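# Breakdown of the fold
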Amino acid sequence: MKEEFRIGTLSAKEGEKTNGFLKIVNTDLEIPVTLINGRKEGRTILICGGVHNAEYVGIQAAMELADEIDPEQVSGNILVIRLANRSGFEHRTMSLVYEDGKNLNRVFPGTAHGTIADKIAYTMETEVFSKIDYYIDLHSGDGFEGLESYVYCLGNASEYVIQKSREMAEIAHVDYLVVSMTNSGGAYNYAGSLGIPSILLERGSNSTWCRSLVDEDKHDVTNILRYLGILEGEAHRHGEGPIEVSPVIYEDAPAAGCWYPAFQPGETFRKGEPLGEIRDYFGNVLHTCYAKNDGIILYETISLCIMKDSPMVAYGIWDEEKRGRIVKDCPVCGEDGHHDHDHS
């Protein structure tokens, strides 16, 4: 008889799915989760949405995956955190935890005696990370961010973790791949430092979501689950896989003002080209951001407002050996992978 799968006070027996809430230590806050205990023995994976609560593609995909995965087709266990930053979601705080204004993705491992964000991170580490073998973190662009779909994998961990994380990332049906060389500054990075192969999927932008993008996330996750042997069925690769554009250069705004980007996500540029300007309310240029290398825009602020020390633009390295911008067919509708979708 397969053991019960337990997280916090919740449990799921063999072949069972359990919906409920994980209590955050030393708070009254509870976050919605789903436990899926398969019929066969196997590994345990975490699928997490809503670490950033305004990144809706990943949240909706996590919720639908939790509803749709059949325990009869699972070997091992699947934990879905449907919405990690619940209070931020319910107060529409642009991906910050409502009670303390912190970015949950920047406080791991957290502490049981800190603010709410610290306690969420601490609970995830002690109740979740201690019980999982793999981790898929689902993100997208915040309300002020334009974003090109891509995937992060780990580059600063044990050899096994780096290799398995890379294999998971290369299954994703996105154009670009970034190897993260930090073991902090993100839930998935921190999980990697604990020996857990982890990836982060970025898809969608502007705090909007649409059916096709959610379905693409679900397509990627189920394909990775099949590759790992957790879900029945054959995994498949999409052509040559995503192109690595590591390292990524992250530029924060040195001044507050009005932001005028020169390129769109997915566009390439040459070293020395201006990537955008910050101007004051009279049109005077306060700062021009110049490219430090040939690159490709992965995400950038697209709102007119830009705050000092907030994200301005992030770009991956691009050179002549890399191919031109890829256009893939959408795995769901069969149309061009970069066509416009109506947003919900």
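Let me begin by describing the structure that accompanies this report. Not measured: the values here are computed from a predicted model. (Residues numbered from 1 in each chain as written. Predicted model: local features only at pLDDT ≥ 70, side-chain atom pairs only at ≥ 80, totals over all residues. Heavy atoms only, no water.)

A separate point is the sheet that holds strand S12 (residues 243–244). Spatial strand order, S3-S4-S6-S5-S7-S11-S9-S10-S12: nine strands in an open sheet with mixed pairing. In this open sheet, the two edge strands, each paired with only one partner strand, are strand S3 (16–23) and S12. Relative to the sheet, helix H3 (residues 116–128) contacts S3, strand S5 (40–49), strand S6 (75–81) and strand S7 (134–139), its axis offset from that of S3 by approximately 140 degrees. (Pairing = 2+ DSSP bridges. Helix = DSSP H or I, 4+ residues; strand = E, 2+ residues; numbered from the N terminus. Contact = heavy atoms within 4.5 Å. Axes fitted to C-alpha atoms, helices over the stretch in contact; angles between N-to-C directions.)

Moving on, we come to the pairing of strand S10 (residues 176–180). Where burial is concerned, most of S10 is hidden: five out of the five residues are buried. Residues Tyr176, Val178 and Ser180 point to one face of S10 and Leu177 and Val179 to the other, with burial holding for every one of them. Bridge count between strand S9 (residues 150–154) and S10: five bridges; the pairing is parallel. When the sheet's bridge partners are listed, Leu154 is paired in S10 with Ser180. Note that the unit made of S9, helix H4 (residues 159–171) and S10 has a crossover that is right-handed. Across two bridges, S10 lies against S12 in parallel orientation. Within the sheet, the bridge partner assigned to Leu177 lies in S12 and is Glu244. (Buried < 20%, exposed > 50% of the residue type's maximum accessible area, 1.4 Å probe, protein only. Right-handed = clockwise from strand over helix to strand, strands pointing away.)

Throughout the structure, instances matching the rule amount to nine aromatic pairs. Judged by centre distance (5.6 Å) and plane angle (45 degrees), the ring pair of Phe129 and Tyr135 falls under tilted. Comparing Phe129 with Tyr135, the two get one shared label, buried. Among the aromatic residues, ring-to-ring pairing joins Phe108, Phe129 and Tyr135 into one connected group. (Phe/Tyr/Trp six-rings, centres within 6.5 Å; stacked < 30°, edge-to-face > 60°.)

A sheet is described by the order of its strands in space; here four strands give the open sequence S17-S16-S14-S19, paired in antiparallel fashion. Every interior strand has two partners, whereas the edge strands, strand S17 (285–290) and strand S19 (305–306), have only one. As judged from the four bridges shared by strand S14 (residues 257–261) and strand S16 (residues 274–279), these two strands associate in the antiparallel manner. Considered in S16, the bridge of Cys258 is made with Arg279.

Glancing now at the nonpolar core. If you look at the biggest cluster of nonpolar residues, it comprises 50 residues, and the most contacted ones within it are Leu46, Ile81, Leu104, Met124, Val128, Phe129 and Tyr135. A total of six residues in this core trace back to one element, the largest contributor, which is H3. Other than its neighbours up to four places away in sequence, Val128 contacts Ile7, Leu22, Leu46, Leu79, Ile81 and Thr123. (Core = buried A, V, L, I, M, F, W, Y, C linked by side-chain atoms within 4.5 Å.)

Glancing now at the pattern of salt bridges. Counted according to the given criterion, the structure contains 21 salt bridges. One salt bridge connects Arg82 with Asp67, and the closest N-O pair in it is separated by 2.6 Å. Here Asp67 lies in helix H1 (residues 56–68) and Arg82 lies in the loop between S6 and helix H2 (86–91), a separation of 15 residues in the sequence. With a shortest N-O distance of 2.7 Å, Arg203 and Asp217 are connected by a salt bridge. Taken together, the residues span a long stretch of sequence, with Arg203 in the loop between strand S11 (198–202) and helix H6 (211–227) and Asp217 in helix H6 at a distance of 14 residues. Classification of Arg203 by relative accessible area gives buried; the value is 1%. (Salt bridge = Lys/Arg side-chain N within 4 Å of Asp/Glu carboxyl O.)

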